[in-house]
Amino acid sequence: MKQYRVLFLCNANSARSLMAEALLNHIEGERIAAFSAGVEPDRPHELTLEALHHLGIDTDGLASEPLERYAGEHFDSVIVLCEKAQQACREWQGQAGEVVFWDIPDPRLSDDSSAYRKTLREIRGRLQLWVDAKLRKLG
């Protein structure tokens, strides 16, 4: 069975998109292959890694990648997690089966010490709904 390929896009690829990639690979890695990239990539934020570890999700090999890293590759779905990345992802329209936009607030901009865990919970909730709907379609 062919793996369904998903690319998560965000501005820095240091929090939201990395969380989504790691979480989706953790829960559906057999059927779905998740990747992530950033418009202006930065290194993975330590609180991102901490939030993932808190849920027991492996972060080995998790790295911030530039959007150009995946140029020319086809993805079944591209999920854009912020407005800045949405502006940059117009080029993906022809390389993806679908482009989805989830505007999730950047935890790096919050003073709340639990912002990363809250962001991860929001992403997990959206992914669970999305995966359920997607896998029903795929059979």
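Preceding block: the structure.
Presented here is a report on the structure given in the accompanying data block. Everything numeric in this text was worked out from a predicted model, so none of it was measured.

### A short note on the overall build of the chain
- If you tally the helices and strands in the chain, you get four helices and four strands.
- The order of α-helices and β-strands along the chain, N terminus first, is β-α-β-α-β-α-β-α.
- Once the C-alpha set of the chain is aligned to its principal axes, its extents read approximately 40 × 30 × 25 Å.
- Long-range pairs, those at least 24 residues apart, make up 69% of the contacts in the chain between residues at least 6 apart in sequence.
- Roughly 7,300 Å² of accessible area belongs to the chain as shown, and the carbon and sulfur atoms make up 46% of that amount.
- Positive and negative side-chain charges of the chain, numbering 17 and 22 respectively, have mean locations separated by a distance of 5 Å.

### Notes on the packing of aromatic side chains
- Considering all chains together, one arrives at four aromatic pairs under this definition.
- Within the aromatic cluster, the residues linked to one another by ring pairs are Phe35, Tyr70 and Phe75.

### Describing the packing of helix α2 (residues 46-54) against helix α4 (residues 115-138)
- It is at 9 Å that the axes of α2 and α4 come closest, and there the two elements cross at 60 degrees. By the angle class used here, α2 and α4 are oblique. Where α2 crosses over α4, the handedness of that crossing is right-handed. Contacts between α2 and α4 involve Leu47, Thr48, Glu50, Ala51, Leu52 and His54 from the first element and Tyr116, Arg117 and Leu120 from the second.

### Some details on α4
- The end-to-end C-alpha distance of α4 is 34 Å, a good match for the 34 Å that 24 residues give at a rise of 1.5 Å each.
- Within α4, the full set of buried residues consists of Ala115, Tyr116, Thr119, Leu120, Ile123, Leu127, Trp130, Val131, Lys134 and Leu135.
- Residues of α4 that are buried in the fold lie against β1 (4-10), α1 (16-28), β2 (32-38), α2, β3 (75-80) and β4 (96-101).

### Let's talk about the sheet that holds β3
- Strands sit in the order β2-β1-β3-β4 across an open sheet of four strands; the sheet is parallel. Edge positions in the sheet fall to β2 and β4, since each of these pairs with one other strand and no more. Direction aside, the axes of adjacent strands within the sheet are offset by 20 degrees on average.
- Taken together, the seven bridges between β1 and β2 define a ladder with parallel strand orientation. Residue pairing across strands places Leu7 opposite Phe35, the latter belonging to β2.
- Contacts from α1 reach β1 and β2 within the one sheet, and its direction differs from that of β2 by about 170 degrees.
- Strands β1, β2, β3 and β4 of the sheet are contacted by α4, whose axis makes an angle of about 150 degrees with β1.

Calculation criteria
The residue numbering used here restarts from 1 in each chain and proceeds along that chain's sequence as written. The predicted origin of the model limits local features to residues at a pLDDT of at least 70 and limits the giving and counting of side-chain atom pairs to 80 or more, whereas totals for whole chains, interfaces and linings rest on all residues. For the side-chain quantities, the full set of heavy atoms in the structure was used; hydrogens and water were omitted. Strands here are runs of E lasting at least two residues and helices are runs of H or I lasting at least four, both read from the DSSP assignment and numbered beginning at the N terminus. We call two residues in contact whenever any of their non-hydrogen atoms come within 4.5 Å of each other. Per-residue and other accessible areas follow the Shrake-Rupley method at a 1.4 Å probe size, with only the shown protein chains counted as cover for residues. In this tally, Asp and Glu contribute negative charge and Lys and Arg positive charge; neither His nor the terminal groups of the chain are included. Here the site of a charge means NZ on Lys, CZ on Arg, CG on Asp, or CD on Glu. Only rings of Phe, Tyr and Trp enter the pairing, Trp through its six-membered ring, and a pair is recorded when the two centres are within 6.5 Å. The plane angle decides the type: under 30 degrees is stacked, over 60 is edge-to-face, the rest tilted. The axes are straight lines fitted to the C-alpha atoms, using for helices just the contacting stretch, and the angles between their N-to-C directions are given from 0 to 180°. The labels follow the angle: roughly parallel below 35 degrees, roughly antiparallel above 145, roughly perpendicular from 65 to 115, and oblique for the rest. By definition, any crossing whose near helix is turned counterclockwise from its far helix by less than a right angle is left-handed, and any crossing with a clockwise turn is right-handed. A helix is expected to span 1.5 Å for every residue after the first. Here's how the labels work: a residue is buried when its accessible area is under 20% of the maximum for its type, exposed when over 50%, partly exposed in between, all with a 1.4 Å probe on protein chains only. Between any two strands, pairing holds if DSSP finds at least two bridges.

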